[in-house]
Amino acid sequence: MLQIVDVLRDRGSRYAVSGGPVQGRAGIEAFLAELKRAKKFAKATHNTWASVLSDEGAVKGDDGEAGAGAVILKMLERAELRDHIVVVTRWYGGVHLGGDRFAHVVTSVRAYLDALAKA
C-alpha cells in the first residue's frame, strides 16, 4: 500500500491519499477494510475512492463527499491505471470548502500518481 499523509491542508481540513493493486470488488473491499484498521482512517470524515477493474469496469465510492469518486475515476482512466484503487481521505476541519474540495481531490490523486511513477 502506497500512502501519502498530509498531502495538503485547507481551512482546517486535511487530506491524505492511499492506493494499491486490487483484484475485483473483493479486493477493493479488502483494501478499504485494511485502510480503516488504522483508527485515524476509520475516523476520517470521508474515504472516497475509485478503481478501473479489468473484468468489471469502473467502480467508485463517494463516502458522503458527492462527486469526489467521479473525479478520482476520471484521473485513473486518463492515466490508464487498471486493477488499482486510489483512496482520497479527508478529515473535515469545520469550514465548507465548496468547489475547492474537488481541486484538493485532484491534487491528492496527482501526488499519488507521481509517487507511483517514481516507485
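The text that follows walks through the structure, step by step, so that each part is easy to find.

Rules and cut-offs
- Residues numbered from 1 in each chain as written.
- Predicted model: local features only at pLDDT ≥ 70, side-chain atom pairs only at ≥ 80, totals over all residues.
- Heavy atoms only, no water.
- Pairing = 2+ DSSP bridges.
- Helix = DSSP H or I, 4+ residues; strand = E, 2+ residues; numbered from the N terminus.
- Axes fitted to C-alpha atoms, helices over the stretch in contact; angles between N-to-C directions.
- Contact = heavy atoms within 4.5 Å.
- Left-handed = near helix turned anticlockwise from the far one by under 90°.
- Core = buried A, V, L, I, M, F, W, Y, C linked by side-chain atoms within 4.5 Å.
- Buried < 20%, exposed > 50% of the residue type's maximum accessible area, 1.4 Å probe, protein only.
- Salt bridge = Lys/Arg side-chain N within 4 Å of Asp/Glu carboxyl O.
- Expected span 1.5 Å × (residues − 1).

1. Here we look at the sheet that holds strand 2 (residues 13-21)
Phase 1 of the analysis: Strand order in the open sheet formed by 5 strands is 1-2-5-3-4, and the pairing between neighbours is antiparallel. Every other strand in the sheet has two partners, leaving strand 1 (2-10) and strand 4 (57-61) as the edge strands with one partner each. Across the sheet, the mean angle from the axis of one strand to that of its neighbour is 15°, orientation sign disregarded.
Phase 2 of the analysis: Direction of pairing for strand 3 (residues 46-53) relative to strand 4: antiparallel, over a ladder of 5 bridges. Bridging across to strand 4, leucine 53 finds its partner in glycine 57.
Phase 3 of the analysis: Contacting strand 3, strand 4 and strand 5 (84-91), helix 3 (residues 68-79) runs over the sheet at an angle of about 35° to strand 3.
Phase 4 of the analysis: The strands that helix 4 (residues 100-118) touches are strand 1, strand 2 and strand 5; relative to strand 1, the one it contacts most, it runs at about 150°.

2. Some details on the packing of helix 3 against helix 4
Phase 1 of the analysis: Interaxial distance between helix 3 and helix 4 falls to 10 Å at its minimum, and their mutual angle equals 35°. Remark: the crossing between helix 3 and helix 4 carries right-handed chirality. Facing helix 3, whose interface residues are Ala68, Val71, Ile72, Met75, Leu76 and Ala79, helix 4 presents Phe102, Val105, Val106, Val109, Arg110 and Leu113.

3. As for the nonpolar core
One broad trend across soluble globular proteins is that nonpolar side chains are buried collectively.
Phase 1 of the analysis: Formed by 19 residues in total, the largest nonpolar core has its most connected members in Ile72, Leu76, Val86, Val88, Val105, Val109 and Leu113.
Phase 2 of the analysis: If you list the elements that add at least two residues to this core, you get strand 2, strand 3, helix 3, strand 5 and helix 4.
Phase 3 of the analysis: Examining the composition of this core, we find that 6 residues originate from one element, helix 3, more than from any other.
Phase 4 of the analysis: Formed by 14 residues, the second largest nonpolar core is a distinct cluster that contains Val22, Trp49, Val59 and Val87.

4. Description of the pattern of salt bridges
Side chains carrying opposite charge are able to pair once their charged atoms draw close together.
Phase 1 of the analysis: A complete count under the given rule lists 7 salt bridges for this structure.
Phase 2 of the analysis: One salt bridge connects glutamate 65 with arginine 90, and the closest N-O pair in it is separated by 3.0 Å. Separated by 25 residues along the polypeptide, glutamate 65 in the loop between strand 4 and helix 3 and arginine 90 in strand 5 bring together distant segments of the chain. Both residues of the pair, glutamate 65 and arginine 90, count as buried.
Phase 3 of the analysis: Via salt bridges that share partners, Asp10, Arg11 and Asp100 belong to a single interconnected network.

5. Section: helix 3
Phase 1 of the analysis: Between its first and last C-alpha atoms helix 3 spans 17 Å; for 12 residues at 1.5 Å apiece the expected length is 16 Å, and the two agree.
Phase 2 of the analysis: Burial in helix 3 covers these residues: Ala68, Gly69, Val71, Ile72, Leu73, Met75 and Leu76.
Phase 3 of the analysis: Contact partners of the buried residues in helix 3: strand 3, strand 4, strand 5 and helix 4.
Phase 4 of the analysis: Phi for glutamate 80, located one or two positions after helix 3, is positive at around 55°.

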